[in-house]
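A structural walkthrough
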Amino acid sequence: MIDSITEFLASYAYLWIGIIKAVIIVIGLLTTVPALVWLERRLMGRFQVRLGPNRVGPFGLAQGLADSIKLLFKEEIIQKSADRFLFLLAPSIVVFTAIVTFSAIPFGESITIFGQEVGMWGANLNIGILFIFAISSMGIYGIVLAGLSSNNKYSLMGGLRSSAQMISYELTLGLAALSVIIMSGSLSLIDIVNDQATLPNIVTQPLAFLLFFIAGVAETNRAPFDLPEAEQELVAGFFTEYSGMKFAMFFMGEYVNMITMSALITLMFLGGWHGYVLPDVPFVWFGLKVFGLLCVFIWLRSTFPRIRYDRLMAFGWKFLLPLSLVNMLVYSFIKVL
């Protein structure tokens, strides 16, 4: 009996490993979000010469838990004029696409556990970059549907702004990534990391890194590009009519997207899990680089004011896009030579 169970488990090891990976990724992301919110509030307090959360728990560490409980039991209101189905569907799309996108992010090389080789990733795709871009771009549907279904003109304007902004900056993001793909000759993120074994792409392609990073900040709706939720113009943008956990789900999606974008920049330009002059330690270097980029995201929010919407669009179309095209052509020419 025991032998048959062991044989059954061995035969479907890939299935069990996949399920365990999925559970770890979902739980890990959803528990990381409150910690990231705490980190952002504390760092912003330091940047702006104030304290930040420091009342609930030591150093305010329990503030995220308190906020989660508050949002969980907060009254949820859906106005009669709203499209109820789309109103409820929108935040689910934002969270779902954010988590699925992260599943294609590799953390390190494969390791052996109980004689079974386990990859440090949710899914090893040979078109990893395309998958991430495709699924992440679907998250815009959640924001647009939130604005459309709310039957509120400010929410609708926020949804339309977000769609225009993401479409505009996705072009720069894709063209900057294309120069890396051209030089590495692969769409697989693992191959791209292995191609940086001796030197990271930030050294060989600094302009592509800068373009990708700026477009990545805009894609995640982070300041100074958080125009879809401009409080001084649109009250709160596309989630004006949301409350309780549905309101929190939009922020979950935003912070998960921020983690995914930091991981993607790490893999494409910072050498992933390679330590270079220091020994490669699985997951450690990758985690430190992602943490550093998250701090830069927070630093930007604390430093720069929100720019005007027409300048946001002009910056994307008239400056970043032509520059990314020139960058791609230069590296295509270098590759051919």
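For clarity, every value in this text was computed on a predicted model and none was experimentally measured. (Residues numbered from 1 in each chain as written. Predicted model: local features only at pLDDT ≥ 70, side-chain atom pairs only at ≥ 80, totals over all residues. Heavy atoms only, no water.)

**A few points about the pattern of salt bridges**
Summed over all chains, the structure comprises seven salt bridges. Of the charged contacts in the structure, one is a salt bridge between Arg306 and Asp226, with a shortest N-O distance of 2.9 Å. A residue pair is termed long-range when its members are at least 10 positions apart, and Arg306 in the loop between α12 (284–303) and α13 (309–336) and Asp226 in the loop between α9 (206–219) and α10 (231–234) qualify at 80 residues. Given the relative accessible area of 24%, Arg306 is considered partly exposed. For Asp226, a relative accessible area of 10% puts it in the buried group. Arg308 is paired through a salt bridge with Asp310; the nearest N and O atoms lie 2.8 Å apart. The exposure class assigned to Arg308 is partly exposed, which follows from its relative accessible area of 46%. (Salt bridge = Lys/Arg side-chain N within 4 Å of Asp/Glu carboxyl O. Helix = DSSP H or I, 4+ residues; strand = E, 2+ residues; numbered from the N terminus. Buried < 20%, exposed > 50% of the residue type's maximum accessible area, 1.4 Å probe, protein only.)

**Some remarks on the UniProt feature "transmembrane region" (unreviewed entry) in the protein**
As annotated by UniProt and renumbered to match this structure, "transmembrane region" (unreviewed entry) occupies residues 12–39, 85–107, 127–148, 169–190, 202–218, 255–276, 282–300 and 312–334. Between the C-alpha atoms that bound residues 85–107 the distance is 37 Å, and the span itself is 78% helix and 0% strand. End C-alpha atoms of residues 127–148 are separated by 33 Å, and the span's content is 95% helix alongside 0% strand. (UniProt positions renumbered as here; feature names shortened; annotations may be inferred.)

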